[in-house]
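Observations on the three-dimensional arrangement
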Amino acid sequence: MQQIILKITSGACLQKAGIILFLLFLPFVSANMQNTEKHPYSQEQEEMVRTQIIARGINNKAVIEAMRNVPRHLFVPYNTRTFAYNDQPLPIGHNQTISQPYIVAYMTQALDAKAGDKVLEIGTGSGYQAAILAEMGVEVYTIEIIPELAETAKRNLKRTGYDNVHTYCGNGYNGWPDEAPFDAIIITAAPESIPQALVDQLKTGGTMILPVGPRESTQTLKKVVKKSKGIRQTTLLPVRFVPMIKSYN
Ligand code: SAH
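Below, the structure is looked at part by part. Just so it is clear, the model here is predicted, and its values are computed rather than measured.

In this section: the nonpolar core. Counting residues in hydrophobic clusters, the biggest one holds 49 residues, and the most contacted among them are Met 67, Leu 111, Val 119, Tyr 128, Ile 132 and Leu 133. Of all the secondary-structure elements, those providing two or more residues to this core are α4 (42–54), α5 (61–69), β1 (90–93), α6 (101–111), α7 (128–135), α8 (147–159) and β6 (182–187). Looking at this core element by element, the count peaks at seven residues for α6. Aside from chain neighbours lying at most four places away, what touches Leu 133 is Thr 108, Leu 111, Ala 113, Val 119, Val 138, Val 140 and Ile 186. Counting residues in each nonpolar core, the second largest holds 18 residues, with Ile 143, Ile 187, Ala 189 and Val 242 among its members.

It is worth spelling out the site of the ligand at this point. The ligand sits among 27 residues. The nearest are Gly 123, Ser 126, Glu 144, Gly 172 and Ile 245. One of the backbone N or O atoms of Gly 123 is found 2.9 Å from a nitrogen atom in the ligand. Contacts to the ligand include Gln 129, whose backbone N or O atom sits 3.0 Å from an oxygen atom. Relative to its free-state accessible area of 580 Å², the ligand is covered by the protein chains to the extent of 99%. If you list the elements that add at least two residues to the shell around the ligand, you get β2 (96–98), β3 (118–122), α7 and β4 (139–144). Per-element tally for the shell around the ligand: the top contributor is β2, with three residues. Of the residues in the shell around the ligand, the class split is 13 nonpolar, twelve polar and two charged.

Once that is clear, we can look at the pairing of β3. Taking burial as the measure, the five residues of β3 include four buried ones, the bulk of the element. Crossover connection from β3 via α7 to parallel β4: handedness right-handed. With four bridges connecting them, β3 and β6 associate as parallel partners. Looking across to β6, one finds that Val 119 is bridged to Ala 184.

Spatially, β5-β4-β3-β6-β7-β8-β9 is the arrangement adopted by the seven strands of the open sheet, whose pairing is mixed. Lying at the two open borders of the sheet, with one neighbouring strand each, are β5 (165–169) and β9 (231–238). Shown here is a sheet whose adjacent strand axes are inclined to one another by a mean of 15 degrees, direction ignored. With respect to the sheet, α7 is in contact with β3, β4, β5 and β6, its orientation differing from that of β4 by roughly 170 degrees.

How each quantity is defined
Within each chain, residues carry numbers counting from 1 in the order of the written sequence. For a predicted model such as this one, the threshold for reporting local features is a pLDDT of at least 70, and the threshold for listing and counting side-chain atom pairs is 80 or more; totals across whole chains, interfaces and linings nevertheless cover every residue. Computation of side-chain values: all heavy atoms of the structure, hydrogens and water removed. Here, nonpolar core means buried Ala, Val, Leu, Ile, Met, Phe, Trp, Tyr and Cys residues that are tied together by side-chain atoms lying within 4.5 Å of each other. Buried means the residue's accessible area, taken with a 1.4 Å probe over protein chains only, is under 20% of the maximum for its type, while exposed means over 50%, and partly exposed covers the values in between. Think of it this way: any DSSP run of H or I at least four residues long counts as a helix, any run of E at least two long counts as a strand, and we number them from the N terminus. The contact rule is simple, with two residues in contact once any of their heavy atoms fall within 4.5 Å. Whether a residue is near a molecule or strand depends on its heavy atoms: if one lies within 4 Å, it is near. Definition of a polar contact: a pair of N or O atoms within 3.5 Å, with one able to donate and the other able to accept a hydrogen when the atoms are protein atoms, and with sequence-neighbouring residues admitted only if both atoms are side-chain atoms. Note on areas: Shrake-Rupley, 1.4 Å probe, and residue coverage restricted to the protein chains presented here. Each residue gets one label: Ala, Val, Leu, Ile, Met, Phe, Trp, Tyr, Cys and Pro are nonpolar, Asp, Glu, Lys and Arg are charged, and the others, such as Gly, are polar. Looking down the strands as they point away from you, a crossover is right-handed if its path from the first strand over the helix to the second goes clockwise. Only strands joined by at least two bridges in the DSSP assignment are considered to pair. In this description, a line fitted to the C-alpha atoms serves as the axis of each element, helices being fitted only across the stretch in contact, and the angle between N-to-C directions of two axes falls anywhere from 0 to 180 degrees.

Set out below in structure tokens:
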């Protein structure tokens, strides 16, 4: 016993023990480590997943896990953090909003994206929806038209460690031709009709989820699947999204 104590207290052995401990814990030091740790709103987040996501029928395990792991309070303005896990959308400035958690989960499930897929998002907003997809292992390309929001989202995503999200400030109606085609496309602002340029950037067999409608009161969420000839569209549910801006300066 004494021998052992003497051994591990000698300088060289302490160094060795340190290296062994470091190696033992290395697998736990992942890029998103802070996101699976407890935080001041952990209980609210767990409650949100249970009552708003699982209880309402979201059953895709990867989506549920992402909703459980992405710290939504780090994507909303500081003074609204305490409401981050409430069953509601929240303002993020510039007359824009981050969607209610259930809608984010519903759209993500409907998109049916898998780890390794390349997904285009139109309307980065806070970066939260992009983070949910990134947490699922998706390679995300996201476009935001309002420069200040694009900057904030970039900061939010960096701070939370999602480096598989590529951000771009520009008009989403043009898509991201240099990175096309995409396995799936998600639009989080409502155009009046399905943008053809975005359908063109979708792979055959790929899915696009988007709210469509000229007025907030008549919008519906649609699922569009690209076929070898044309598209097949399904209406999912009535929704209220901010309009997709035609141009911004
Ligand atoms: N997905 C976001 C919420 C989106 S709110 C999140 O998780 O927080 C809709 C966003 O779409 C707003 O930030 C708005 O500025 C952006 N937007 C509206 N029209 C756009 C366009 N033409 N191109 C790109 N972004 C657009």
